[in-house]
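Close look at the chain arrangement
Below are the chains, spelled out letter by letter.
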Amino acid sequence: MIELTGTVVNTFATPAGKNKKGEDYDSKDKIQVIGEFPMPNGEVRMELVTLTVDDLSEYIQHINKKIRISVGVMATGARSVLFFVRKGSSPVLAN
């Protein structure tokens with residue numbers, strides 16, 4: 001299990017629509033978390049991560065607060081990864 005820790009800076013819903021094939025897709029709830037990513041040289045890089053979540057109501061109350069959330073990671077290319085919130089995960093306030 002991997003935990004992502006960061007500050008919730010935004011919540012939003014993407015609109016429903018149609019893809020290029022004409023198929024309908026649903027609206028999705030998303031959050032944006034800014035977190036610290038340690039670098040090999042000891043410095044810290046701040047990075048904004050956008051995550052799809054099941055229910056925005058769990059996150060709206062945590063805007064501008066530091067949370068921990070269980071995430072999974074998937075490689076999307078030679079040098080990039082995609083973070084996703086694990087099913088059933090809920091945010092926990094971080095100290």
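Residues numbered from 1 in each chain as written. Predicted model: local features only at pLDDT ≥ 70, side-chain atom pairs only at ≥ 80, totals over all residues. Heavy atoms only, no water.

1. Let's talk about the overall build of the protein
Counting secondary structure elements, the protein contains 1 helix and 8 strands. Shown N-terminal to C-terminal, the secondary structure of the protein runs as helices and strands in the order β-β-β-β-β-α-β-β-β. Based on the C-alpha atoms only, the size of the protein along its principal axes is roughly 50 × 35 × 20 Å. In the protein, which comprises 95 residues, the proportion classed as buried is 27%. Across the protein, contacts joining residues at least 24 apart in sequence account for 49% of those joining residues at least 6 apart. Summed over its atoms, the accessible surface of the protein is roughly 6700 Å², and 52% of this surface lies on carbon and sulfur atoms. (Helix = DSSP H or I, 4+ residues; strand = E, 2+ residues; numbered from the N terminus. Buried < 20%, exposed > 50% of the residue type's maximum accessible area, 1.4 Å probe, protein only. Contact = heavy atoms within 4.5 Å. Areas by Shrake-Rupley, 256 points an atom, 1.4 Å probe, with all protein chains shown as cover.)

2. Section: the pattern of salt bridges
Tallying each qualifying case throughout the model produces 4 salt bridges. Note that Asp24 and Lys18 form a salt bridge whose closest N and O atoms lie 3.0 Å from each other. Each member of the pair Asp24 and Lys18 is classed as exposed. (Salt bridge = Lys/Arg side-chain N within 4 Å of Asp/Glu carboxyl O.)

3. Focus: unusual backbone geometry
Its identity as a non-glycine residue notwithstanding, Asn64 has a phi of 70°, on the positive side. Residue position: Asn64 is located in the loop between α1 (57-60) and β6 (66-75).

4. Quick word on the pairing of strand β4 (residues 28-38)
Within a regular beta strand, the side chains point alternately toward one face of the sheet and then the other, so they alternate between its two faces. Pairing geometry for strand β1 (residues 2-14) and β4, over 8 bridges, is antiparallel. Counted as the bridge partner of Thr14 is Lys28 from β4. Where β4 and strand β5 (residues 44-53) come together, 10 bridges link them in antiparallel fashion. Of the residues in β5, the one forming a bridge with Asp29 is Val53. Connecting β4 to the next strand, β5, in antiparallel fashion are 5 residues, including Gly42 with a positive phi near 95°. (Pairing = 2+ DSSP bridges.)

5. Some points on a nonpolar patch on the surface
Residues Ile2, Val73 and Val81 make up a contiguous nonpolar surface patch of about 230 Å² in total accessible area. You can see Val73 is positioned in strand β6. (Patch = residues over 30% accessible without salt bridge, like charges linked within 9 Å, V, L, I, M, F, W, Y side chains within 5 Å.)

6. Thoughts on the pairing of β1
The pairing of β1 with β6 spans 6 bridges and is classified as antiparallel. Bridged to Ile2 within β6 is Val71.

Honestly, that's just the spatial picture; any functional story needs more than this.
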